[in-house]
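Spelled out, the chains give:
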Amino acid sequence: VQLQASGGGLVQAGGSLRLSCVASGRTFSRYAMGWFRQAPGKEREFVAAISGSGGNTYYADSVKGRFTISRDNAKNTVYLQMNSLKPEDTAVYYCAASPIVTSTQNIYDYWGQGTEVTVSS
């Protein structure tokens, strides 16, 4: 599975962005998908995850109520809608694929290249 993330950019605090991650292959719906982020000088952290069917979603407490993960299996794409963005959301965002839905990074088998999000105050 190859993953290509896009949609990052510069936005003011309070604004919104939608990230997309397109997967190659015909088995996309078999994978849970996750979004992670790594801020400058910090370790990569879990943001959100969604089951293969899209029926179950999980969020980090720091983004709950502001971010929404979704997927379109017909388009092999997972999205991260980010609203009410804060400067502390500034990071490189990565999508990843896993056999199970989880927040644990080392269970994810495939990773995209990352897309940078900068939130100005």
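Residues numbered from 1 in each chain as written. Predicted model: local features only at pLDDT ≥ 70, side-chain atom pairs only at ≥ 80, totals over all residues. Heavy atoms only, no water.

## Description of the sheet that holds strand β8 (residues 77–82)
- Strand order across the open sheet formed by four strands is β1-β3-β8-β7, with antiparallel pairing between neighbours. The strands lining the two open edges of the sheet, one partner per strand, are β1 (3–6) and β7 (67–72). Between one strand and the next, the sheet's axes are offset by a mean angle of 15°, whatever the strand orientation.
- As defined by bridge partners, β1 adjoins strand β3 (residues 17–23) across four bridges and the pair is classed as antiparallel. Following the sheet pairing, Q4 is matched in β3 by V22. (Pairing = 2+ DSSP bridges. Helix = DSSP H or I, 4+ residues; strand = E, 2+ residues; numbered from the N terminus. Axes fitted to C-alpha atoms, helices over the stretch in contact; angles between N-to-C directions.)

## What to know about the state of the cysteines
- Scanning the model with the defined rule gives one disulfide in all.
- For C21, the disulfide goes to C95, at an S-S distance of 2.1 Å. Between C21 and C95 the sulfur-sulfur dihedral comes to about 60°; the bridge is accordingly right-handed. Taken as a pair, C21 in strand β3 and C95 in strand β9 (residues 91–98) lie far apart in primary sequence, 74 residues in all. Across the pair, C95 and C21 agree in class, each one buried. (Disulfide = S-S within 2.5 Å. Buried < 20%, exposed > 50% of the residue type's maximum accessible area, 1.4 Å probe, protein only.)

## Brief notes about the pattern of salt bridges
- As enumerated under the stated definition, the model contains four salt bridges in all.
- Across the pair R66 and D89 runs a salt bridge, and its minimum N-O distance is 2.7 Å. Here the residue R66 occupies a position in the loop between β6 (57–59) and β7, and D89 occupies one in the loop between β8 and β9, the gap between them amounting to 23 residues. Summarising the burial analysis for this pair, R66 and D89 share the class buried. (Salt bridge = Lys/Arg side-chain N within 4 Å of Asp/Glu carboxyl O.)

## Looking at the packing of aromatic side chains
- Under the criterion given, the structure shown has five aromatic pairs.
- For the ring pair F36 and F46, a centre distance of 5.7 Å and an interplane angle of 70° mean the geometry is edge-to-face. A residue pair is termed long-range when its members are at least 10 positions apart, and F36 in strand β4 (residues 32–38) and F46 in strand β5 (residues 45–50) qualify at ten residues. In terms of burial, F36 and F46 fall into one category: buried.
- In textbook terms, an aromatic cluster arises when at least three aromatic residues are bridged by ring pairs, as seen for F36, F46, Y108 and W111.
- If you follow R44 out to its NZ or CZ, it ends over the ring of Y94, 5.4 Å from the centre.
- R71 extends its terminal NZ or CZ atom over the ring of F28, reaching a point 4.3 Å from the ring centre. (Phe/Tyr/Trp six-rings, centres within 6.5 Å; stacked < 30°, edge-to-face > 60°. Lys NZ or Arg CZ within 6 Å of the ring centre and 35° of its normal.)

## Focus: the side chain of R37
- Its place among the elements puts R37 in strand β4.
- At a separation of 2.7 Å, a polar atom in the side chain of R37 contacts the side chain of E45.
- Polar contacts involving the side chain of R37 include one to the side chain of D89, which spans 2.9 Å.
- In contact with R37, not counting residues within four places along its chain, are E43, R44, E45, V47, S62, V63, F67, E88, D89, A91, V92 and Y93. (Polar contact = N/O pair within 3.5 Å; in protein donor to acceptor, adjacent residues only side chain to side chain. Contact = heavy atoms within 4.5 Å.)

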